[in-house]
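Structural characterization, general
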Amino acid sequence: MARQINGKPESTEEEHQQQPVKRRGISKWTIVQWFLIPVLLIAALSGGLVTGYVVLGKKDFSDVLQWSTWKHVYDLVFAP
């Protein structure tokens, strides 16, 4: 037990030694998550667009890739 001086325990030499802070490195799984999740989200968006336009809408696949198609859809949805 540590001695008390002026009402405070005297700190021992063990308390003065600080443990080095262990830094956690970036794991491979974290790197995979940073790249895989956005790729999967883009793939899901693309798959949903193609499924909705080609399968449900019964239109040609080549129309999905045209900007004018999506401009027209935007104008239909957000028309005043």
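See the structure shown above.
Cut-offs used in this document
Residues numbered from 1 in each chain as written. Predicted model: local features only at pLDDT ≥ 70, side-chain atom pairs only at ≥ 80, totals over all residues. Heavy atoms only, no water. Helix = DSSP H or I, 4+ residues; strand = E, 2+ residues; numbered from the N terminus. Buried < 20%, exposed > 50% of the residue type's maximum accessible area, 1.4 Å probe, protein only. Areas by Shrake-Rupley, 256 points an atom, 1.4 Å probe, with all protein chains shown as cover. Salt bridge = Lys/Arg side-chain N within 4 Å of Asp/Glu carboxyl O. Phe/Tyr/Trp six-rings, centres within 6.5 Å; stacked < 30°, edge-to-face > 60°.

Brief notes about the overall build of the protein
The helix and strand inventory of the protein stands at four helices and two strands. Taken from the N to the C terminus, the helices and strands of the protein come in the order β-β-α-α-α-α. Taking all 80 residues of the protein together, the buried fraction comes to 4%. A total of about 8,200 Å² of accessible surface is found on the protein, and carbon and sulfur atoms cover 63% of it.

With respect to the pattern of salt bridges
Under the defined criterion, the tally for this structure stands at one salt bridge. In this structure, aspartate 75 and lysine 71 form a salt bridge, with 3.3 Å as the shortest nitrogen-oxygen distance. Of the two residues, aspartate 75 and lysine 71 are both situated in helix H4 (residues 67-77); the distance of four residues between them amounts to about one turn of the helix. A relative accessible area of 45% places lysine 71 in the partly exposed class.

Description of the packing of aromatic side chains
Remark: the centre distance and the inter-plane angle together describe each pair of aromatic rings, the angle taken between the planes. The final tally for this structure, using the stated rule, is two aromatic pairs. Judged by centre distance (5.8 Å) and plane angle (50°), the ring pair of tyrosine 53 and tryptophan 70 falls under tilted. Placement of tyrosine 53 in helix H2 (residues 28-56) and of tryptophan 70 in helix H4 is noted, with a sequence separation of 17 residues between them. You can call tryptophan 70 partly exposed: its relative accessible area is 25%. Arranged with centres 4.8 Å apart and planes meeting at 45°, the rings of tyrosine 74 and phenylalanine 78 form a pair that is tilted. Exposure class is identical for tyrosine 74 and phenylalanine 78. Each is exposed.

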